[in-house]
Amino acid sequence: MPRPTSLCVYCGSSSGKHPEYIEQARAFGTEMARRGITLIYGGGKVGLMGSVADAVLAAGGKTIGVIPRQLVEREVAHPGLTEMHVVETMHQRKTRMYELSDAFVALPGGYGTMDEMFEMLTWAQLGLHKYPCAFLDVRGYYAHLRTMMDHMVAEGFVRQEQRNSVWFGDSIEKLFDWMSHYQGDDTPKWIDSQSVKA
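Here the structure is a predicted model, which is why all the values come from computation and not from measurement.

Trainee: Go over the side chain of Ser 101, please, and point to the residues and values.
Mentor: Turning to its location among the elements, Ser 101 is positioned in the loop between helix H3 (90-100) and strand E5 (103-106). Of the polar contacts made by the side chain of Ser 101, one reaches the backbone oxygen of Met 97; its length is 2.6 Å. Setting aside residues up to four positions removed in sequence, Ser 101 forms contacts with Ser 6, Leu 7, Cys 8, Ile 40 and Tyr 131.

Trainee: I'd like a description of the side chain of Gln 162, backed by residues and values.
Mentor: Residue placement: Gln 162 occurs in helix H6 (residues 160-164). There is a polar contact of 3.1 Å between the side chain of Gln 162 and the side chain of Gln 125.

Trainee: Explain the sheet that holds strand E4 (residues 83-87) to me, and be specific about the residues and the numbers.
Mentor: To summarise the sheet geometry, strands pair through backbone hydrogen bonds and adopt either a parallel or an antiparallel arrangement. With parallel pairing, the seven strands of this open sheet are ordered in space as E4-E3-E2-E1-E5-E6-E7. In the strand order of this sheet, the two ends are held by E4 and strand E7 (166-169), each with one partner. Neighbour to neighbour, the strand axes of the sheet diverge by 20° on average, direction disregarded. Where strand E2 (residues 38-41) meets strand E3 (residues 63-68), three bridges bridge the pair, whose relative direction is parallel. The partner of Ile 40 across the bridge, within E3, is Ile 64. Its contacts with the sheet put helix H4 (residues 111-125) on strand E1 (6-10), E5, strand E6 (133-136) and E7, and the angle it makes with E6 is roughly 150°.

Trainee: A description of the pairing of E6 should follow, citing residues and the corresponding values.
Mentor: Neither face of E6 is left uncovered, since the one carrying Cys 133 and Phe 135 and the one carrying Ala 134 and Leu 136 both have all their residues buried. The sheet contact formed by E5 and E6 spans three bridges and is parallel. By the bridge assignment for E6, Phe 104 is matched with Cys 133. Handedness of the crossover joining E5 and E6 through H4: right-handed.

Trainee: Describe in detail the environment of Arg 3, supporting the description with residues and values.
Mentor: By the element assignment, Arg 3 lies in the segment before E1. When the C-alpha atoms of Arg 3 and Asp 177 are compared, they prove to be 9.5 Å apart, with 174 residues separating the residues in sequence.

Trainee: Can you break down helix H5 (residues 143-154) residue by residue, with the values?
Mentor: Taking 1.5 Å per residue as the helical rise, H5 with its 12 residues ought to reach 16 Å, and the 17 Å between its terminal C-alpha atoms agrees with that figure. Turning to H5, its buried residues are Leu 145, Met 149 and Val 153. For H5, the arc enclosing every buried residue in end-on projection is 90°, short of the 170-degree limit, so these residues lie on one face. Facing away from the buried side of H5, by more than 90 degrees, are the exposed residues His 144, Thr 147 and Ala 154. Where H5 is buried, its residues meet H4, E6, H6 and E7. The first or second residue beyond H5 is Gly 156, which carries a positive phi of 85°.

Trainee: Give a description of unusual backbone geometry that names residues and reports values.
Mentor: Positive phi values are uncommon outside glycine, yet Arg 139 reaches one of about 55°. Within the secondary structure, Arg 139 is located in the loop between E6 and H5.

What counts as what
- Residues numbered from 1 in each chain as written.
- Predicted model: local features only at pLDDT ≥ 70, side-chain atom pairs only at ≥ 80, totals over all residues.
- Heavy atoms only, no water.
- Helix = DSSP H or I, 4+ residues; strand = E, 2+ residues; numbered from the N terminus.
- Polar contact = N/O pair within 3.5 Å; in protein donor to acceptor, adjacent residues only side chain to side chain.
- Contact = heavy atoms within 4.5 Å.
- Pairing = 2+ DSSP bridges.
- Axes fitted to C-alpha atoms, helices over the stretch in contact; angles between N-to-C directions.
- Buried < 20%, exposed > 50% of the residue type's maximum accessible area, 1.4 Å probe, protein only.
- Right-handed = clockwise from strand over helix to strand, strands pointing away.
- Expected span 1.5 Å × (residues − 1).
- Arc of directions from axis to C-beta.

Keep in mind these values describe shape, not function.
Below, the structure written as structure tokens:
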């Protein structure tokens, strides 16, 4: 599988309680730009979302935001992106971000981050894509989620090969190295790509 060129980052519109969250978001954005990978994200200028985008831009990288019209003011849309796509609904937002991306990474975030990332994991499970999906585990933020996903396998609700296709770790360098060698899961395709159109 070719190395990702457009990476979708899901993360919080808040900054969290610890400076390390912002520090790692900035480091991640800087590394994306260094590798020539375009950022696809929710389009905000606040929280970890804004920190990643600002870091990519500061390092000379390309940023593409996708945001619903009703959230432009609430999430304070970033005014300095390379491109901004304003859509009408959350479903259109998620679909457009998927269409623009060839890899998905979750940094720390809340319900929205979980919703978006698990939709990509579900689509991979259904055979709709074979793109890499990873969790950057800053400060052990995703430790309990990792345990829960292992529990899903143990209880027979997720197949081991599907669980193995998801990366967890706290090293930005190792995350990008993993993505560059990712082969994808060979889960049989259950539905066709038209099923994800908004």
